[in-house]
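What follows is each chain in one-letter form.
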Amino acid sequence: MSAFILGIGMIALTIAVYIPATRLYKRLKWPILMPVLTTTAILILILVISGIKLDTYMLGGKWIQELLGPAVVSLAFPLSRHLHVLKQNIIPIIGGTIGGSITGVSTGALIAILLGYPQEMVIALLPKSVTTPVAIQLANQVGGNASFTSLFVMIAGFSGILLGPMLLKWAKVRSKNAYGIGLGSASHALGMARSFEYGENAVALSSVSMIVSAIAGSIMLPLWVWMIYG
Amino acid sequence: MYGFYWIGNLIQSVLHLPLTGSIVGMLVLFITIQLGWVKMSWGEEGSTWLQSHLQLLFIPPTVGIINHFDFFRANTLLLVLGLIVSTLITCLVSAKLSEWLMSWRLSHSGKKEAITCQHSSSELE
């Protein structure tokens, strides 16, 4: 019973930090103030200062996290609504996403190997552009450390949503839809969340890119590991 | 939506698919919408609400970074930098490539484009 009350308290705490963080971001629009970043930072600070253990926080946190599954499922609605956009762009989506997926894995592996990291670390790094739940399963499957993988996925997500749009602007990418595809294939669900700023079409494209990368990753990853380590 | 999530999980575990239950559930829901078994109006409002607060849902897993602080203490700065560079290259390649493919399609199949556009918009209604 006390676990239940603690859980509710942790949910309330998260939302209490999240709401002002969202307001602040809407007012200032600085990428560094994205609610997921500010709220996470404040919550970590609160946990560290007050000495609340992560397990205690997760009593409530796991309920919020539980909603990720249905949230992914609910993407079927925007996908249906924007089906005509997707049909028109099927070649750019598939081409862009698979191209991104290949560059993502090969550059990641190359950098890690050049820096001299051990095999386990390199393998843990490979699924970094795949959405977390799929990436963790993949890491387990090909012999990588799943907890490092989830960390790498997060770094990929955050660096993509923070710096990606700036880079694309600098590279003179004009199409909002291409922003969606780039963010979705490099930064998965976080990229998709960021795509909300580029309109509903971008979100739909972004979510499809995320799904295509997850599928492409699931198929190609064992192949990559085999190619690199034989 | 929760129901579909569980259906997806079930299908995934029965067939041992290399996808997560949530993605399988989404595909199932997508197909049932296309078949007309599920009406858009049943869940559209809820889904928009859920997705506009998607960021909230990521907060608990990211707070979990707390347990990985040791990783940052070790000499991994270069790896993290490499990871960021690799992610940015990925983002750039996929965006540029898709934009290029979009313009290539427009210039090479302008006529076909118009037809598919009409066809699908009437289908949408």
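Here the structure is shown first, and the text comes after it.
How each quantity is defined
Residues numbered from 1 in each chain as written. Chains lettered and ligands numbered in written order. Predicted model: local features only at pLDDT ≥ 70, side-chain atom pairs only at ≥ 80, totals over all residues. Heavy atoms only, no water. Helix = DSSP H or I, 4+ residues; strand = E, 2+ residues; numbered from the N terminus. Rg over C-alpha atoms; globule rule 2.2 N^0.38 Å. 1 Å grid on protein atoms, 1.4 Å probe; cavity = no way out; pocket = protein on both sides within 12 Å on 5 of 7 lines; lining within 4 Å. Points joined across faces, edges and corners; volume = space filled by probe spheres on them. Nonpolar A, V, L, I, M, F, W, Y, C, P; charged D, E, K, R; others polar. Phe/Tyr/Trp six-rings, centres within 6.5 Å; stacked < 30°, edge-to-face > 60°. Lys NZ or Arg CZ within 6 Å of the ring centre and 35° of its normal. Expected span 1.5 Å × (residues − 1). Salt bridge = Lys/Arg side-chain N within 4 Å of Asp/Glu carboxyl O. Buried < 20%, exposed > 50% of the residue type's maximum accessible area, 1.4 Å probe, protein only. Contact = heavy atoms within 4.5 Å. Polar contact = N/O pair within 3.5 Å; in protein donor to acceptor, adjacent residues only side chain to side chain.

J.: It is not clear to me how the overall build of chain A should be interpreted in this structure. Could you clarify?
T.: Broken down by element type, chain A carries twelve helices and zero strands. Listing every helix and strand of chain A by position from the N terminus yields α-α-α-α-α-α-α-α-α-α-α-α. Here chain A has a C-alpha radius of gyration of 19 Å; the compact-globule value for 230 residues is 17 Å, and the two agree. Projected onto the principal axes, the alpha-carbon positions of chain A cover approximately 50 × 40 × 30 Å.

J.: Would you mind going over empty space enclosed by the protein with me for this structure?
T.: Empty space among the atoms can be located by rolling a probe the size of a water molecule over them. Residue and element names in this part refer to chain A. If you walk through the whole model with that rule in mind, you get one cavity of 30 Å³ or more. By volume, the largest cavity amounts to about 80 Å³. If you go around the largest cavity, the residues you meet are Ser101, Gly104, Val105, Leu126, Pro127, Lys128, Ser129, Val130, Ser185, Ser213, Gly217 and Leu221. For the lining of the largest cavity, the residue count by class is five nonpolar, six polar and one charged.

J.: Looking at this structure, I do not really get the packing of aromatic side chains. What am I missing?
T.: The geometry of an aromatic ring pair comes down to the distance between the two centres and the angle between the two planes. Residue and element names in this part refer to chain A. Counted according to the given criterion, the structure contains one aromatic pair over all chains. Between Tyr179 and Tyr198 the ring centres are 4.9 Å apart and the planes differ by 40 degrees, which places this aromatic pair in the tilted class. Here Tyr179 is found in helix 11 (residues 176-195), whereas its partner Tyr198 is found in the loop between helix 11 and helix 12 (200-229), with 19 residues between them in sequence. Over the aromatic face of Tyr179 sits the side chain of Lys176, whose NZ or CZ is 5.4 Å from the ring centroid.

J.: What exactly am I supposed to notice about the layout of surface pockets here?
T.: Its volume calculated, the second largest pocket comes out at about 340 Å³. Lining the second largest pocket are 16 residues, with Tyr25(A), Lys26(A), Phe196(A), Ser52(B) and Gln55(B) positioned closest to its centre. Breaking the lining of the second largest pocket down by element, the ones donating at least two residues are helix 1 (2-28) and helix 11 of chain A together with helix 3 (40-52) and helix 4 (54-63) of chain B. When residues in the lining of the second largest pocket are grouped by element, the largest group, four residues, is from helix 1 of chain A. Classifying every residue of the lining of the second largest pocket gives seven nonpolar, five polar and four charged.

J.: How should helix 7 (residues 90-114) of chain A be read in this particular structure?
T.: Note that an α-helix has 3.6 residues per turn; residues three or four places apart therefore point the same way. Helix length check: helix 7 of chain A, at 25 residues, gives a terminal C-alpha distance of 36 Å against a target of 36 Å (1.5 Å per residue), a fit within 8%. Once helix 7 of chain A finishes, Gly116(A) follows within two positions and takes phi at roughly 80 degrees, a positive value.

J.: Would you mind showing me how to read the pattern of salt bridges here?
T.: All names here are of chain A. This model, assessed by the stated rule, comprises two salt bridges over all chains. Across the salt bridge formed by Arg81 and Glu200, the nearest N and O atoms sit 2.5 Å from each other. You can see Arg81 sitting in helix 5 (residues 76-81) and its partner Glu200 sitting in helix 12, a full 119 residues away along the chain. Judged by its relative accessible area of 43%, Glu200 is partly exposed. Linking Arg194 and Glu197 is a salt bridge whose minimum nitrogen-to-oxygen distance equals 3.3 Å. Among the residues examined, Glu197 registers a relative accessible area of 34% and is labelled partly exposed.

J.: Explain the interface of chain A and chain B here, please?
T.: It is common to give the size of an interface as the accessible area lost on bringing the parts into contact. With 98 residues of chain A at the interface, the matching set in chain B holds 74 residues. Our enumeration of links across chain A and chain B arrives at zero salt bridges. The tally of links between chain A and chain B comes to eight residue pairs in polar contact (both at pLDDT 80 or more). Per-element accounting of the side of chain A that touches chain B gives the leading share, 15 residues, to helix 10 (residues 146-170) of chain A. Residue composition of the side of chain A that touches chain B, grouped by class: 58 nonpolar, 34 polar and six charged.

J.: I keep staring at helix 2 (residues 21-35) of chain B and nothing clicks. Help me out?
T.: Residues and elements named next belong to chain B. With 15 residues, helix 2 extends 21 Å between its outermost C-alpha atoms, agreeing within 8% with the 21 Å of an ideal straight helix rising 1.5 Å per residue. All buried positions along helix 2 are accounted for by Gly21, Ser22, Ile23, Val24, Gly25, Met26, Leu29, Phe30, Thr32 and Ile33. Looking one or two residues past helix 2, Gly36 carries a phi angle of roughly 85 degrees, positive in sign.

J.: Even after reading the chapter, I still don't get the environment of Leu75(A), so can you show me in this structure?
T.: The residue Leu75(A) is located in the loop between helix 4 (68-73) and helix 5 in this model. By relative accessible area, which is 1% here, Leu75(A) ends up buried. As a C-alpha pair, Leu75(A) and Lys53(A) span 22 residues in sequence and 33 Å in three-dimensional space. Each residue touching Leu75(A), except ones within four places of it in the same chain, is listed here: Met192(A), Ser207(A), Met210(A), Met26(B) and Gln51(B).

J.: Any chance you could explain the side chain of Ser195(A) here in plain terms?
T.: Residue and element names in this part refer to chain A. Tracing the backbone through its elements, the reader meets Ser195 in helix 11. At 2.9 Å, the side chain of Ser195 and the backbone oxygen of Gly191 are in polar contact. Among the polar contacts listed, one links the side chain of Ser195 to the side chain of Ser206, at a separation of 3.2 Å.

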